[in-house]
Amino acid sequence: MKLISSGRIAALVAVAVILAVVIVGWALLISPQRSKASDLSVQIDNARVQIAATKAYVSSPVAKRSVRDLRRLRRILPDQAEAARILRQLTAAAHTAQVSINTVTPQSVVPAGGAQALPITLTIDGHYFGISTFLHLLRTQVAVHDANVRGKGRLYTVDSVQFLTGSSGTVGTGAQGSASGNTITATIALNAFIFGSAVPGAPSTETTPGATTTS
Amino acid sequence: MQAVNLLPAYARPAGRWSAVGKGVTPVAVTRIGGVVAAACALAIAGVYVYERSIVSNRHATLTTVQARLTAVEAIAAPLRAAQSASQARAAAVRSIDHSRVRWEGILSDLARVMPNQVYLKTLNAEAAGAVAPATPTAAPTPGVTAASTSFTITGVAASQADVALVLDRLALLPWLSDVTLQTLARAVDTTGSVGDNFSISAGFSPPLPGIGAQ
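Residues numbered from 1 in each chain as written. Chains lettered and ligands numbered in written order. Predicted model: local features only at pLDDT ≥ 70, side-chain atom pairs only at ≥ 80, totals over all residues. Heavy atoms only, no water.

Caption draft 1: The arrangement of the overall build of chain A in detail. A tally of regular secondary structure across chain A gives five helices and eight strands. The order of α-helices and β-strands along chain A, N terminus first, is α-α-α-β-β-β-α-β-β-β-α-β-β. Taking as baseline every contact in chain A between residues at least 6 positions apart, the subset at least 24 positions apart corresponds to 70%. Here chain A has roughly 10,200 Å² of accessible surface; of this, 61% comes from carbon and sulfur atoms. (Helix = DSSP H or I, 4+ residues; strand = E, 2+ residues; numbered from the N terminus. Contact = heavy atoms within 4.5 Å. Areas by Shrake-Rupley, 256 points an atom, 1.4 Å probe, with all protein chains shown as cover.)

Pasting the structure below:
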């Protein structure tokens, strides 16, 4: 009876020890590894999802268009004053409108909204409708339709227009004026724009404020 | 009457479990238990090694996937930067475009409303809320009112009735308000012809792009 009892107790102890070995081994060795493997699996899945999303973005029309858009918008709103390009555009517009530019006077850059404005004072000679065409050409270099910005040139705004007496003594308007052949000297205050945060009072790097170009 | 078992205790039939472990010594139990425990430990070690290999494989996979992600991100980053920069520039352009004046429309309107026998000598128009304080270099024209109003014209007409017609027609322009005659004076020019010099000022609310004719 005593032997049977001892054997039973020994069996119970053995079962307990085996269970303890299994439980401790699972808890300390296997379970952490499985947990790590699970975490890694989640990370891998996340990374794969990111890769898929990024690949989808890279091949999307929006991404393909973005570089082209930026190049185009840099022509419209450049990072620098690019006075040479301004002069070329003004000259081309003047040529098309059959007016002549007498003076170009860039001034100091001033802050203007999300950009910086480079004020330029122009004096031009031409017929009434030639000057009107010149202003039209400057404005239509950039067009905004709905949210789309399109343009082949730079963004200009004209703040003021002043007509002075032309060579024949009067500024003709209407039918008589256009037919009379009078030329007008117009002073136009326009702004070209530079992208970037404004630095109040900072002069342009490419143009000398107050410098006058006469053509 | 109650039934009584007359057999002695050792001769009575045993329970189901009374024979289990009857012939097993504690030493044998210990040996068997030890062997089983060792087998379990080995099995656990095997599973541990297997799980470690899975972890190791997944580490390697993750490293590969992250490298691919880095490569793809390197391609996407300039595109994202370009898109962001484009949006910022487009927003700035749209913001500036709102303040642009359609000057050709103004000049066209002005030419249309000017009657025969009326000539402008000067015109001075300054857009309200101009972006930059650009100042024309030309000296103020004599006879033109100082910039208390943003739209001023001076001219000469054949008669005072023509000047009145100019005032009436200017008042019809939607971008002018408070059209006011500043001066009117009869003068004789160098050719000997008589004319009425006038100066007119008005409030100026210039049309913006998209308003009116192109």
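More follows now that the structure is in view.
Caption draft 2: Region of the structure containing the confidence of the model for chain B. Residues and elements named next belong to chain B. Averaged over all residues, the pLDDT of chain B is 82; the fraction at 70 or higher stands at 82%. For chain B, per-element mean pLDDT is lowest for strand E3 (residues 176-188), which scores 90, and highest for helix H3 (residues 160-172), which scores 93. Between residues 132-149, whose pLDDT stays under 50, and residues either more than four places distant or in other chains, the model counts 36 contacts. Per the prediction output, this complex has pTM 0.72; the corresponding ipTM is 0.76. (pLDDT = per-residue confidence, 0-100.)

Caption draft 3: Seen up close, the environment of Leu69(B). Its location among the elements puts Leu69(B) in helix H1 (residues 26-97). Assessed through its relative accessible area of 12%, Leu69(B) is described here as buried. Spatially, the C-alpha atoms of Leu69(B) and Leu110(B) are 63 Å apart, while their sequence positions differ by 41 residues. When near neighbours in sequence (up to four residues on either side) are disregarded, Leu69(B) contacts Ala47(A), Gln50(A), Ile51(A) and Thr54(A). (Buried < 20%, exposed > 50% of the residue type's maximum accessible area, 1.4 Å probe, protein only.)

Caption draft 4: How the structure looks around the interface of chain A and chain B. Contact residues are listed per partner, giving 90 residues for chain A and 81 residues for chain B. Between chain A and chain B, roughly 7,400 Å² of surface is buried when both sides are summed, and carbon and sulfur atoms account for 68% of that area. A salt bridge links Arg34(A) to Glu51(B); the shortest N-O distance between them is 3.2 Å. Inspection of the chain A/chain B interface yields 21 residue pairs in polar contact (both at pLDDT 80 or more). It is helix H1 (residues 2-58) of chain A that provides the largest number of residues to the side of chain A that touches chain B, a total of 32 residues. In terms of residue class, the side of chain A that touches chain B is made up of 50 nonpolar, 29 polar and eleven charged. Inspection of the sheet shows strand E6 (residues 156-164) of chain A paired to strand E1 (residues 118-126) of chain B by four bridges, in the antiparallel sense. Bridging from a neighbouring strand, Phe163(A) pairs with Leu123(B) of E1(B). (Buried area = accessible area lost by both parts, 1.4 Å probe. Salt bridge = Lys/Arg side-chain N within 4 Å of Asp/Glu carboxyl O. Polar contact = N/O pair within 3.5 Å; in protein donor to acceptor, adjacent residues only side chain to side chain. Nonpolar A, V, L, I, M, F, W, Y, C, P; charged D, E, K, R; others polar. Pairing = 2+ DSSP bridges.)

Caption draft 5: Spatial organisation of the environment of Val93(B). As for its placement among the helices and strands, Val93(B) is situated in helix H1. Those residues in contact with Val93(B), other than ones at most four positions away along the chain, are Leu73(A), Ile76(A), Leu77(A), Val142(A), Val144(A), Val149(A) and Leu155(A).

Caption draft 6: Inspection of the packing of aromatic side chains at higher detail. Using the criterion set out here, one finds six aromatic pairs over all chains in the structure. Aromatic side chains Phe151(B) and Trp175(B) sit 5.8 Å apart centroid to centroid with 70° between the ring planes, which places their arrangement in the edge-to-face category. Within this pair, whereas Phe151(B) is found in strand E2 (residues 151-157), its partner Trp175(B) is found in the loop between H3 and E3, the two being separated by 24 residues in sequence. Classification of Trp175(B) by relative accessible area gives buried; the value is 3%. Seen from their ring centres, Trp175(B) and Phe204(B) are 5.8 Å apart, and the 80° between their planes marks the pair as edge-to-face. Separated by 29 residues along the polypeptide, Trp175(B) in the loop between H3 and E3 and Phe204(B) in strand E4 (residues 194-204) bring together distant segments of the chain. Phe204(B) carries the same exposure label as Trp175(B), and that label is buried. Through successive ring pairs, a cluster of aromatic residues spans Trp103(B), Phe151(B), Trp175(B) and Phe204(B). In this structure, Arg80(B) packs its charged tip against the face of Tyr57(A), placed 4.8 Å from the ring centre. (Phe/Tyr/Trp six-rings, centres within 6.5 Å; stacked < 30°, edge-to-face > 60°. Lys NZ or Arg CZ within 6 Å of the ring centre and 35° of its normal.)

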